[in-house]
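Geometric and topological summary
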Amino acid sequence: VHAETLEDRCQVAAYACQRRTPLAHKNQLLTEALETVAEEALFRGSEGRGLAFSRAASVLKSFPWTVRSVKDLSSLPGIGEHSRKIIQEVLEDGASAEVENVRQSERYQTMKNFKKIFGVGVKTAGRWYQEGLRTISDLQAHHAKLNSAQQVGLLHYRDLNSPVKRSEAEAIVQVVQKAVDQFLPGASVILTGGFRRGKQTGHDVDLLITHPTEGQEMGLLSKVVSWLDSQGFMLYHSTHRNSFQPLEDEELSVSATTMDRFDRCFSIFCLSSMTEEPGCELKGSGGAHHRKAVRVDLVVTPYSQFSFALLGWTGSKNFERDLRRFSKYEKKMVLNSHTLYHTEKKIFLSAASEEEIFQHLGLDFISPEQRNA
Ligand code: TTP
Ligand code: MN
Ligand code: MN
Ligand code: MN
């Protein structure tokens, strides 16, 4: 055992799943710059470049000190030439000309606004831009270009782009638990995604549903969704059975072949609440009725796959991507939200907890609050 040197302590691991990444970190200005060019690269269809910038930002998020000079970067993995140049510009001039150009560009701003519509991805946003559309009003004038999901998205554009509060997420958990209890007593509803990583707000609410008796969960989702719909809780829902998960990276497509799929539902909830302060809408009524549209993902998982689903749906996306890369390239295993498969031993490794999955992979356990890569 050798004495730990300063250099050892500054060492940052190559994979995000080997690092602790808190929500609040010390290099905000740099990560925002890198994430802007990452997003711009994705808008241009350059996934490799986007991934490289995104990885560089992720590394900086785990760094326990504020980077003051490019010399500090020598101890950091995964920061390429281009990222380094952007970091240097920000450090020396307070801003990077390249990043500022992106932020000012009409294409970037337009794509960003279009992508904020529920149901709109890079391809659709890019096509609309090519067709000369620029604003949300342009889209309203060309309503026929929108599919049904996008029309609902446009209708609730403001609500869906205002942050979901933790209290709202918890209210939705209660509603879904009430629905689940009617059809399958003993089933649980678990809040995952960014909220499980400790975020106080999110862009949506990610819920896992499971029951301790394997198989009991079958058929549950459609009953729950129908009931929520009949009670007026659903503004939109699209349910998929054994559907392909649209995770946008190459690694997942490798693991996609052997796996069955969860029942899942992309939805928009109508959340009602009584405000505390009286008379905002109805004078003297003692409270006003407020409605807010909130994106909710519902996923039903068999109990034997629950730990994998929990790990897979807690995120962050960078953390998940590196978990799968690490499994594949360092351990010859295939990890997804259902299972862990050892490709040489040709066996599935079961796990009753997230901790067991980390153990199978030979990784130190990283708590959800430290997965904000
Ligand atoms: P998101 O809800 O997209 O992201 P988030 O919860 O981390 O952040 P936000 O607060 O903005 O909502 O995804 C959460 C996790 O769900 C993500 O880490 C990966 C997983 N996921 C899938 O497994 N399959 C999918 O198709 C999607 C969209 C997400
Ligand atoms: Mn989420
Ligand atoms: Mn989600
Ligand atoms: Mn319906």
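Here, the structure is the one placed above.
Reading guide: rules and limits
Residues numbered from 1 in each chain as written. Chains lettered and ligands numbered in written order. Predicted model: local features only at pLDDT ≥ 70, side-chain atom pairs only at ≥ 80, totals over all residues. Heavy atoms only, no water. Disulfide = S-S within 2.5 Å. Buried < 20%, exposed > 50% of the residue type's maximum accessible area, 1.4 Å probe, protein only. Axes fitted to C-alpha atoms, helices over the stretch in contact; angles between N-to-C directions. Helix = DSSP H or I, 4+ residues; strand = E, 2+ residues; numbered from the N terminus. Parallel < 35°, antiparallel > 145°, perpendicular 65-115°, else oblique. Left-handed = near helix turned anticlockwise from the far one by under 90°. Contact = heavy atoms within 4.5 Å. Nonpolar A, V, L, I, M, F, W, Y, C, P; charged D, E, K, R; others polar. Near = heavy atom within 4 Å. Polar contact = N/O pair within 3.5 Å; in protein donor to acceptor, adjacent residues only side chain to side chain. Areas by Shrake-Rupley, 256 points an atom, 1.4 Å probe, with all protein chains shown as cover.

Another point: the state of the cysteines. Working definition of a disulfide: a covalent bond connecting the sulfur atoms of two cysteines. Enumeration according to the criterion identifies zero disulfides in this entry. Sulfur of cysteine 270: no disulfide; nearest cysteine sulfur belongs to cysteine 265 and is 15 Å away. Here cysteine 270 falls in the buried class, since its relative accessible area comes to 8%.

Attention now goes to the packing of helix α2 (residues 28-43) against helix α5 (residues 97-104). Interaxial distance between α2 and α5 falls to 10 Å at its minimum, and their mutual angle equals 55 degrees. In terms of orientation, α2 lies oblique with respect to α5. Where α2 crosses over α5, the handedness of that crossing is left-handed. Contact residues: α2 offers Glu32, Ala33, Thr36, Val37 and Glu40, while α5 offers Glu98, Val99, Val102 and Arg103. Its residues assigned to classes, the contact of α2 with α5 shows four nonpolar, one polar and four charged.

Take the site of ligand 1 next. Around ligand 1 sit 18 residues in total, of which Arg197, Lys199, His203, Asp204 and Lys317 are the nearest. Interatomic distance of 2.7 Å between a side-chain N/O atom of aspartate 204 and an oxygen atom of ligand 1. One of the backbone nitrogen or oxygen atoms of glycine 315 is found 3.4 Å away from an oxygen atom of ligand 1. Considered on its own, ligand 1 offers 590 Å² of accessible surface; in the complex 88% of this is hidden by protein. Going through the elements one at a time, α12 (193-196), α15 (306-314) and α16 (317-331) are the ones with two or more residues in the shell around ligand 1. In terms of residue class, the shell around ligand 1 is built from three nonpolar, eight polar and seven charged.

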